[in-house]
Amino acid sequence: MSIANRLQSYIVDKQVAWNPVIHQPSSCCMDAAHLAHVPPDRLAKAVVLKGNDGYLMAVIPASHHLDIEDLGEAIGDDLVLVSEGKLGELFADCKPGAIPPVGAAYGIKTYWDEELGTRAEVYFEAGDHQTLVHMSGADFGKLMRKSATRLPESCH
């Protein structure tokens, strides 16, 4: 697997240019950034949460941490991290821990750090532990703007 099927279909449908970046197997997004020689602030990571209204995704730079409690307060919901088992169900075409930060491809409400759209380049997990998707920040913004909501700054 190099890119998850649902992700690839979504990107093709949105007519966004991208290319794969292959790297040695990684254990987490910071490891992937290091192995692919990508600055962590240009690697978008997904944090998948469950709230009272279902599942949602927060997309932030790998160099940042999500404050789940602050996000919950900002959107008026009680949020918890989704278990690895449930992630496997929600993202069946992805390896555990290699979730692409494009929730719309999976029908998941998404909040994102809009600063990612201002970066020259953005990278993110393609669905396995050896491939990153690479595209311009402008194209990543195009991918996210119509399907995601701005993440409150207090949350990351």
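Residues numbered from 1 in each chain as written. Predicted model: local features only at pLDDT ≥ 70, side-chain atom pairs only at ≥ 80, totals over all residues. Heavy atoms only, no water.

A. Quick peek at the layout of surface pockets. When its volume is computed, the largest pocket comes out at roughly 400 Å³. Taken together, 18 residues form the lining of the largest pocket, with A46, V47, V48, L87 and G97 sitting closest to its centre. At the level of elements, strand 2 (43–51) and helix 4 (84–90) are the ones that each hand at least two residues to the lining of the largest pocket. Per element, the largest residue contribution to the lining of the largest pocket is 5 residues, and it comes from strand 2. (1 Å grid on protein atoms, 1.4 Å probe; cavity = no way out; pocket = protein on both sides within 12 Å on 5 of 7 lines; lining within 4 Å. Points joined across faces, edges and corners; volume = space filled by probe spheres on them. Helix = DSSP H or I, 4+ residues; strand = E, 2+ residues; numbered from the N terminus.)

B. Quick peek at the side chain of T110. Relative to the helices and strands, T110 resides in strand 5 (residues 109–112). Residue classification places T110 among the buried positions, given a relative accessible area of 2%. Looking at T110, its side chain comes within polar contact range of the main-chain oxygen of I108, at 2.9 Å. Residues in contact with T110, not counting those within four places in the same chain, are M57, V59, G103, A104, M144, A148 and T149. (Buried < 20%, exposed > 50% of the residue type's maximum accessible area, 1.4 Å probe, protein only. Polar contact = N/O pair within 3.5 Å; in protein donor to acceptor, adjacent residues only side chain to side chain. Contact = heavy atoms within 4.5 Å.)

C. Structural context of the pattern of salt bridges. Tallied over the full model, the rule gives 6 salt bridges. Here K86 ties to E89 by a salt bridge, and the two come within 2.9 Å at their closest N and O atoms. Here the residue K86 and the residue E89 both occupy positions in helix 4, the gap between them amounting to 3 residues, near one helical turn. Given the relative accessible area of 56%, E89 is considered exposed. Of the charged contacts, one joins E153 and R150 as a salt bridge, the two residues approaching to 3.1 Å between their closest N and O atoms. (Salt bridge = Lys/Arg side-chain N within 4 Å of Asp/Glu carboxyl O.)

D. Structural context of the packing of aromatic side chains. Tallied over the entire structure, the rule returns 3 aromatic pairs. Relative to Y106, the ring of F91 has its centre 4.7 Å away and its plane inclined at 55 degrees; by these criteria the two rings are tilted. Placement of the pair is F91 in the loop between helix 4 and strand 5 and Y106 in the loop between helix 4 and strand 5, with a sequence separation of 15 residues. Both residues of the pair, F91 and Y106, belong to the buried class. When the centroid spacing of 6.0 Å and the interplanar angle of 75 degrees are considered together, the rings of W112 and F140 count as edge-to-face. (Phe/Tyr/Trp six-rings, centres within 6.5 Å; stacked < 30°, edge-to-face > 60°.)

E. Representation of helix 5 (residues 137–145). Looking only at helix 5, the buried set comprises G137, F140, G141, L143 and M144. The arc that holds every buried residue of helix 5, seen down its axis, measures 160 degrees, which confines them to one face. (Arc of directions from axis to C-beta.)

F. Focus on the pairing of strand 7 (residues 131–136). Burial analysis of strand 7 places 5 of its 6 residues in the buried class, which makes it a mostly covered element. Direction of pairing for strand 1 (residues 19–22) relative to strand 7: antiparallel, over a ladder of 4 bridges. Considered in strand 7, the bridge of P20 is made with V133. Of the pairings in the sheet, the one linking strand 6 (residues 121–125) to strand 7 comprises 5 bridges and is antiparallel in character. Across the sheet, the residue bridging to E121 is S136, located in strand 7. (Pairing = 2+ DSSP bridges.)

G. Summary view of the side chain of H129. Residue placement: H129 occurs in the loop between strand 6 and strand 7. Here P96 takes part through its backbone oxygen, which lies 2.7 Å from a polar atom of the side chain of H129.

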